[in-house]
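# Tertiary structure, described
Okay, here's what each chain looks like letter by letter:
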Amino acid sequence: MPRRNNVWVNIDWLTVSLYLMLVFLGWINIYASVYSEEHQSIFDLSQRYGKQIIWISAALIIGFVILLIETNFYVFFSYIIFGILVFLLILVLFVGTEINGAKSWFILGDFGIQPSEFAKFATGLALARYMSSFGFKIQRFKSLITIVVIVFLPTILILLQNDTGSALVYFSFILVLYREGLSGVVLFFALLVTLLFVFALLFSNFIMMVVLLLAAIFAFLILNPRIKQFVIILSIFIVSIALFYVLNLILKTNYKIAEVLVVSSIIGGAVVLGYSIRKKFKNYIIVALVFLGSVLFSISVDYAFNNMLAPHHQARINELLGIQSDLLGAGYNVNQSKIAIGSGGLWGKGYLQGTQTKFNFVPEQSTDFIFCTVGEEWGFAGTFTVVVLFLFLLIRLVFLSERQRSGFSRIYGYTVAVILFFHFMVNIGMTIGLMPVIGIPLPFFSYGGSSLWSFTILLFVFIQLDASRLENLAN
Amino acid sequence: MNTYSKRKYVIIGIFATIGLVFIIKLFGLQLLDPSFKQFATNNVLREVVQYPARGLVYDRNNKLLVFNKAAYDLMIIPREVLDFDTTYLCRLLEISKEELETGIKSAKEYSRYKPSILVKQISPESYATLQEQLYKFKGFHTQSRTLREYSNKAAAHVLGYVGEVGVNEIKNDEYYKIGDYIGISGIDKAYETQLRGNKGVKKYFVDVHNRIQGSYKNGLDDIPAKTGKNVTSTIDIELQQYAEKLFQNKKGSVVAIEPSTGEILAMVSAPSYDPGLMVRRVRGSNYSKLLSDTLKPLFNRSLLAEYPPGSTYKVLNILIGLQEQVISINTHFSCAGPESVPIRCTHYHGSPVEVIGAIRESCNPFLWNTFRSILRKYESIADGYNVWREYALSFGVGQKLGSDFTNENKGSLPLESYYNRIYGGGHWNALTVRSLAIGQGELGVTPLQMANYCAIIANRGYYYIPHIVKEIENEQIDQSFKTKNYGKISAEYYEPVIRGMEMALDPGGSAEMSRIPDIAMCGKTGTAQNPQGSAHSIFMAFAPKENPRIALSVYVENGVWGSRYAAPIASLIVEKYLTDTISPNRKWLENVMIKANLLNSFQPE
């Protein structure tokens, strides 16, 4: 009995309160987004807010039950749970029902369950179990491969269901790996690749080359203050550009200035690389490599985008990056969403007074675009509050994870934090036009049983782990 | 184990950065950029115009003349249209399949989301059946409008008609939008601003499919339509109908005025048309039929036709002579009948004649002598002419009277410069312009002007601007209609002239046939030469002699002599107005007048 008491006393009530607040705010906004004068009872089960009450009640029971289960259960059964979910992900490919183009639903009578939602939690458990196991070292090839298998198994299965949004969530685990020792370089490159990808599409080759050159020069300056070497390298570089340029003039090949710049950058980079290797300047080698890689990457992104992507994919990416605006086509959802949020002003139009969301101008307004209702009816005051609440929760989770004594609990805590973070980033980012329209729900807010339950399980398992952190570890 | 513990700050940093980026972006969206509010409003508000009913028009005895009847426009929202039975819809609407298809096509070109008018002005009868079946046609709905309806077939020119607003009106007045109705002629045009009322707006919320979801702010921002004001016309519809009946199969005009007020009692322009032809969907085809009719039924002769006043103008010339004291009541001029120079006299009467006799007998030489004396009184003929012309102007000749009708003709009264141009300055004299003495030549007077001129005589010197509306609901009529305007003749000179006009209807006078028992009518016949056919028959009169209640001008085109048609018709109108009936011994005259057909331009002398 004392042990049981322990758990209740040690529960992090702050996290639970944040959870309850978000769930409550979510529900009143779902009510507002589907509100109509004909259906006024909040328990009207034909309406989404009525159903959501059932989902919430069930979620609270689930949360309560989770707190009752012993910590060891999660540790012991983590692989089994993972295995079951992988099985379900495979099963849904065969017997699942397709909704909105994604074959990811089991339909049982009136209710639908999405195994991919629960797979996040299972993957988190498996990852925590594996990474906390004895002999795990992230730098080891075998360990890294195992992690990749654990993460990419569900990712690929979900991609097969044609649910790209849910699959992308798994990339957020890179932050967990980073916390557990993955080299910062990997994180850096991941970030670099993303940025290059975006900028390559956004800006012309010419600008890209100029920016990359300046970045490279900047990097040289930081890495090695020895003026002599710097001048040598810079002159090699400039000479090779000049040579090519003059050659181009003499041969009258009529290459455009951007093309000249690209080719001469590659040549110049290669010459510098060769020189650095000979002189064994390690830092210069890295900079030269990164530079060359970046140049090649941005050119190929540009090429791939224009020649390999289907037009509707191009449209979506263009829309996101603000290159082309087709407000009635690909940009419609985001535009309407921005109108809804933008029209809210400081204090919003008032509860149930939203016109954008109520009259269906915003699509999916109770699920993926629930944040629009917040923006429209509660204004900046509302959106600010929600963003801050999420930030609070995320940072709280990081702190809770850090205070865990077992690796399992800490790693699991981080997976919870990064999964929630990814959803938060992509969902809100998409409603305000900073992210592409990737259909993933806003945790605790969006309508839907599967997502609410899966996030509840995800969070409450960690709350339970945290509450019992002072117990002797089973292993 | 916690070797990498510090990395939590990097992770927290990433979290916080994203959160911060969101807050900055939200700040920009929600607080800095006002355009989204406008977009949101445009998205959800649909303004539905509420068309007011036009004001009603009554006659002077409060008989309803013009009212409204509901009609319905069939609207279409192309994107909501599902497959439907076109043949059935065409049958309901009484239109051809081609009309329906072109209508739908142009609606699609305008907008797939917004309603546009597919079929205009469906009658309530067709609407009843259509409404029952409309549920079968998704994407169609109706909008109610009001159309003019006329209780009589008379007074078409007075009442005017209403039609769709034209491009220029839309450009000049932002009240009007495409598809609105506007008064195009008559009272409906003259009192457009009062009759039209004010359009209202109902604001509705619409959803993304443009379906109405309820009223905006519970209708707080709605502007209710304001019904047009009713107006009471000065017309006596019974008199009007009677006058029109007398004018059947004739061309010409009657304008009857109440001298003491300037109110127009009747205004006929013959041939006329049934005002009911100018409404509904048949309007377009009726209009072009009327427009191409050689008898010009759409032409409002009362206001626009310019006829020489003929002998009726002699009264004014004698009044001017008296006022200028070039003649007196006792002045006698001899008349040599057809041998008279420079103007022969066609009226056989004794000689010499004085003022009263000259009017009674319409003696041309008397007028020639009077006219010459007026012009010669001054240093130059031109000065004399200008004096003479000023008198005419003061009687409303040669200028617009300023009635409430928007399309008055000003007639013609040449300027001195006109003659200077033709004959050269100083090279013309009374002889040159002698036709003016007997109301011929360059003079042109509209029936309205002549009626007004007659009213001045009836009033012994003044007139109120003739007008067609006497009351407007909650509004004063124009102040100018209540102001006396004086002709430049002193009251004392009228009596002998009026006596002459009275005697014209005595036995032996120029219009003895038109004498009304027991009523002292004063009149003057006239005949206007007409190069295109028989001369026009003219008569102006007022009655009773003392405290006149009606003054009128009657033109009967190709009526040969003033006394032949115009005078009898005038006498019948006066008798009808004053006694409400026609005395039995004049029934034959009434019959003759009604049956006469003068549509042929050439009539036996």
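Every chain's residues receive numbers from 1 upward, in the order its sequence appears when written. Chain letters and ligand numbers both follow the written order, the letters beginning at A and the numbers at 1. Reporting of local features is limited, given that this is a predicted model, to residues whose pLDDT is at least 70; pairs of side-chain atoms are given and counted only at 80 or more, and all residues count toward the totals for whole chains, interfaces and linings. The basis for every side-chain value is the complete set of heavy atoms in the structure, and neither hydrogens nor water enter the calculation.

### So, the packing of helix α10 (residues 237–246) of chain B against helix α20 (residues 562–579) of chain B
Packed helices, taken two at a time, are described by the angle their axes make and the gap between the axes. Residue and element names in this part refer to chain B. Here α10 crosses α20 at 155°, and the two axes come no closer than 10 Å. The orientation of α10 relative to α20 falls into the category roughly antiparallel. Between α10 and α20 the crossing geometry is right-handed. Two secondary-structure elements touch here, α10 through Leu239, Tyr242, Ala243 and Leu246 and α20 through Ile569, Leu572, Ile573, Lys576 and Tyr577. Where helices are involved, their axes are fitted lines through C-alpha atoms of the stretch in contact, as for all axes, and angles between N-to-C directions lie from 0 to 180°. Numbering of helices and strands starts at the N terminus; helices are DSSP runs of H or I of at least 4 residues and strands are runs of E of at least 2. In this scheme, roughly parallel covers angles under 35 degrees and roughly antiparallel covers those over 145, while 65 to 115 is roughly perpendicular and the rest are oblique. Here is the rule for handedness: rotate from the far helix to the near one, and if that takes an anticlockwise turn smaller than a right angle the crossing is left-handed, while a clockwise turn gives right-handed. Contact between two residues is taken to exist if any of their heavy atoms lie within 4.5 Å; hydrogens are not considered.

### Some words on the nonpolar core
In this text, buried Ala, Val, Leu, Ile, Met, Phe, Trp, Tyr and Cys residues form a nonpolar core when linked through side-chain atoms within 4.5 Å. Buried means the residue's accessible area, taken with a 1.4 Å probe over protein chains only, is under 20% of the maximum for its type, while exposed means over 50%, and partly exposed covers the values in between. With 120 residues, the main nonpolar core has Ile147, Tyr412, Phe424, Phe444 and Val461 of chain A together with Phe15 of chain B as its most contacted residues. Examining the composition of this core, we find that 16 residues originate from one element, helix α17 (residues 407–431) of chain A, more than from any other. Among residues more than four places away in sequence, those in contact with valine 461 of chain A are Ile66, Tyr74, Phe121, Leu125 and Tyr412 of chain A.

### Observations concerning unusual backbone geometry
Cis geometry marks the peptide bond from valine 341 of chain B to proline 342 of chain B; its omega dihedral reads -5°. Relative to the assigned elements, proline 342 of chain B resides in the loop between α13 (314–323) and α14 (355–361). Each neighbour pair has its own omega, and for serine 351 of chain B with proline 352 of chain B the value is -5°, a cis peptide bond. If you trace the backbone, proline 352 of chain B turns up in the loop between α13 and α14. A positive phi angle is found at phenylalanine 444 of chain A, which is not glycine, with a value near 70°. If you trace the backbone, phenylalanine 444 of chain A turns up in the loop between α17 and α18 (449–467). The phi angle at asparagine 547 of chain B is positive, at roughly 45°, despite the residue not being glycine. With respect to the helices, strands and loops of the structure, asparagine 547 of chain B is situated in the loop between β17 (536–543) and β18 (550–556). For asparagine 547 of chain B, a relative accessible area of 68% gives the class exposed.

### A closer look at the domain arrangement of chain A
Buried accessible area, meaning the area lost when the parts come together, often serves as the stated size of an interface. Domain delimitation follows an automatic or database domain assignment. Examined at the domain level, chain A breaks down into domain 1 (2–16 + 42–182 + 319–467) and domain 2 (192–308). The distance between the C-alpha centroids of domain 1 of chain A and domain 2 of chain A comes to 41 Å.

### Some thoughts on the sheet that holds β17 of chain B
Residues and elements named next belong to chain B. For two strands to be treated as a pair, DSSP must find at least two bridges joining them. Sheet architecture is open: five strands sit in the order β12-β11-β18-β17-β16, paired in antiparallel fashion. Lying at the two open borders of the sheet, with one neighbouring strand each, are β12 (263–270) and β16 (522–528). The mean inter-strand angle of the sheet, taken between neighbouring strand axes irrespective of direction, is 5°. Packing of helix α19 (residues 494–503) onto the sheet brings it into contact with β16 and β17, and relative to β16 it is tilted by some 75°. Across the sheet, α20 lies against β11 (252–258), β12, β16, β17 and β18, angled at about 145° from β18, the strand it touches most.

### Structural notes on the packing of aromatic side chains
All names here are of chain B. Stacked, tilted and edge-to-face are the three classes assigned to paired rings of Phe, Tyr and Trp, where Trp is represented by its six-membered ring and a pair needs centres within 6.5 Å; plane angles under 30 degrees give stacked, over 60 edge-to-face, the rest tilted. For the structure shown, the criterion picks out 39 aromatic pairs over all chains. For the pair tyrosine 385 and tryptophan 388, a centre-to-centre distance of 5.5 Å together with 35° between the ring planes defines the contact as tilted. In this pair, tyrosine 385 and tryptophan 388 are both assigned in helix α16 (residues 381–394), three residues apart and thus about one turn of the helix distant. Overall, the relative accessible area of 0% leaves tyrosine 385 in the buried class.

### With respect to the sheet that holds strand β3 (residues 111–113) of chain A
Residue and element names in this part refer to chain A. Strand order in this open sheet of three strands is β1-β2-β3, and the pairing throughout is antiparallel. One side of each edge strand has no neighbouring strand; the edge strands of this open sheet are β1 (97–99) and β3. Direction aside, the axes of adjacent strands within the sheet are offset by 55° on average. Strands β1 and β2 (102–108) of the sheet are contacted by helix α4 (residues 71–95), whose axis makes an angle of about 90° with β2.

### Some thoughts on the pairing of β18 of chain B
Residue and element names in this part refer to chain B. With seven of its seven residues buried, β18 lies for the most part within the structure. Residue alternation in β18 divides its side chains into two sets, Ile550, Leu552, Val554 and Val556 and Ala551, Ser553 and Tyr555, and both sets are buried. Here six bridges tie β11 to β18, and the two strands are oriented antiparallel to one another. Paired with valine 254 across the strands is valine 554, a residue of β18. Where β17 lies against β18, seven bridges are found, and the strand directions are antiparallel. Each residue of the ladder has a partner; that of alanine 543, found in β18, is isoleucine 550. In textbook terms, the turn of a hairpin is the stretch between consecutive antiparallel strands, and for β17 and β18 this stretch comprises six residues, one of which, asparagine 547, has a positive phi near 45°.

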